[in-house]
Amino acid sequence: MKLKSLALLAGLSAAAFSAQASLVSATSDDPGNPNLQSVLDGITTGGPSSVDVYNDYLDDGLDSYWDITATGGSVSTFVIEIAGNSASNTFGIYERNNHSNYVELFSGADSDAANSQVTLSFLLDGTVRVNGVSSGTFSTTNFGYYLGSETNPANEPVFYSDSSLNTDGSDQMVAYQGTNTDDVQIAGFAGGLWTDNEFILAWEDLLYANSDQDFNDLVVMVESVMPVPEPGTLALLGLGLVGLGAARRRSA
């Protein structure tokens, strides 16, 4: 019984960080529509990538909100876009405290190498700057990422990294952390090490239940950022760790 209790509590703790292996689907993999694993393998120098797209993405509670870890700001680099909506998709950030307050980073026309990298930074007064240009004001440096559309009024977000803001709580984005082992090269840029403060964000641009679920519609690398776990995820982890400690004491 003690062993079973310990295993259950360990499972609760692990659940806070583990992902569902079935979230990302392996659909067609041809030159015109490579699946997400092929996308990561393709930017990995010498490939294949050490990241398994079907198992290694962050738990949904860990990729909702983010913060910049570098003084100078965070760089976002466009990797690939494979979607019928590619010409109209947009990508940006929204304020954690007010998801209707958002700043666009990329538009559908920015997928070529010359326009595919932007720097995001925050000033002390809350000003959000994109490539040095003031583009909005946030009340906090915590932000989420969004996938939007130029067909919506004011290019507003369609899907959010915080799944609770999406229709049916749908998870539209998966995030992968660098492992400090792979060298990657994105088209048009010199290669470098995929470090653990860099993340690949991969999106579905149709509601998950109605999509092909391959998460290759918009793929972006963001650097000098770290996820800020939601309170519920931290509480679950804390509960699991406390339970583990108690179970160990009882078994001793």
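Residues numbered from 1 in each chain as written. Predicted model: local features only at pLDDT ≥ 70, side-chain atom pairs only at ≥ 80, totals over all residues. Heavy atoms only, no water.

A word on the overall build of the protein. Across its full length, the protein holds three helices and 15 strands. For the protein, contacts bridging at least 24 residues in sequence account for 69% of all contacts bridging at least 6. On the protein, roughly 11400 Å² of surface is accessible, and the fraction owed to carbon and sulfur atoms is 54%. (Helix = DSSP H or I, 4+ residues; strand = E, 2+ residues; numbered from the N terminus. Contact = heavy atoms within 4.5 Å. Areas by Shrake-Rupley, 256 points an atom, 1.4 Å probe, with all protein chains shown as cover.)

Attention shifts here to the side chain of serine 49. Along the polypeptide, serine 49 turns up in the loop between helix 2 (36-43) and strand 1 (66-68). Other than its neighbours up to four places away in sequence, serine 49 contacts Gln37, Leu40, Asp41, Thr44, Asp182 and Trp194.

Turning our attention to the packing of aromatic side chains. Each pair of aromatic rings is reported with the distance of its centres and the angle of its planes. Per the counting criterion, the structure on display carries 13 aromatic pairs. The interplanar angle of 75 degrees and the centroid separation of 6.5 Å between the aromatic rings of phenylalanine 91 and tryptophan 203 together place this pair among those described as edge-to-face. You can see phenylalanine 91 sitting in strand 3 (residues 89-95) and its partner tryptophan 203 sitting in strand 13 (residues 198-203), a full 112 residues away along the chain. A network of ring pairs unites the aromatic residues Trp66, Phe91, Phe106, Phe122, Phe138, Phe143, Tyr145, Phe199 and Trp203 as a single cluster. (Phe/Tyr/Trp six-rings, centres within 6.5 Å; stacked < 30°, edge-to-face > 60°.)

This part covers the pairing of strand 8 (residues 143-149). With seven of seven residues buried, strand 8 is to be regarded as a mostly interior element. By the alternation rule, side chains of strand 8 split into Phe143, Tyr145, Leu147 and Ser149 and Gly144, Tyr146 and Gly148, which are all buried. Bridge count between strand 8 and strand 9 (residues 157-160): three bridges; the pairing is antiparallel. Opposite tyrosine 146, over in strand 9, you have tyrosine 160 as the bridge partner. (Buried < 20%, exposed > 50% of the residue type's maximum accessible area, 1.4 Å probe, protein only. Pairing = 2+ DSSP bridges.)

A few words now on helix 2. Structural remark: α-helix, 3.6 residues per turn; residues separated by three or four positions point the same way. Every buried residue belonging to helix 2 is among Leu36, Gln37, Val39, Leu40 and Ile43, and all of these are buried. The buried residues of helix 2 all sit within an arc of 160 degrees when viewed along its axis, so they share a single face. For helix 2, the N-terminal cap is asparagine 35; the gap from its side-chain oxygen to the backbone nitrogen of glutamine 37 is 3.2 Å. (Arc of directions from axis to C-beta. Polar contact = N/O pair within 3.5 Å; in protein donor to acceptor, adjacent residues only side chain to side chain.)

The next thing to look at is the side chain of serine 74. On the secondary structure map, serine 74 appears in strand 2 (residues 74-80). If we skip the residues at most four places from it in the chain, serine 74 touches Ile68, Val118, Thr119, Leu120, Glu223, Ser224 and Val225.

Attention shifts here to the environment of threonine 127. With respect to the helices, strands and loops of the structure, threonine 127 is situated in strand 6 (residues 127-130). Given the relative accessible area of 12%, threonine 127 is considered buried. Along the chain, threonine 127 and threonine 141 lie 14 residues apart, while their C-alpha atoms are 9.7 Å from each other. Each residue touching threonine 127, except ones within four places of it in the same chain, is listed here: Ser121, Phe122, Ser134, Gly136 and Thr137. Here aspartate 125 takes part through its side chain, which lies 2.7 Å from a polar atom of the side chain of threonine 127.

We now examine the nonpolar core. Nonpolar side chains tend toward joint burial in soluble globular proteins. Grouped together as the largest cluster of nonpolar side chains are 30 residues, with contacts concentrated most on Trp66, Phe91, Ile93, Phe143, Tyr145, Leu201 and Trp203. For phenylalanine 143, the contacting residues outside a window of four places in its chain are Ser64, Tyr65, Trp66, Asp67, Ile68, Ile93, Tyr94, Arg96, Leu120, Phe122, Phe138 and Val225. Val24, Val39, Ile43 and Val174 belong to the second-largest nonpolar core, a separate cluster that totals 21 residues. (Core = buried A, V, L, I, M, F, W, Y, C linked by side-chain atoms within 4.5 Å.)

Across the protein, the average pLDDT comes to 82, with 77% of residues at 70 or higher. Taken element by element, the predicted model of the protein shows its lowest mean pLDDT in helix 1 (residues 2-15) (32) and its highest in strand 10 (residues 173-177) (97). The model gives residues 1-21 a pLDDT under 50, and that stretch makes 33 contacts with residues more than four places away or in other chains. (pLDDT = per-residue confidence, 0-100.)

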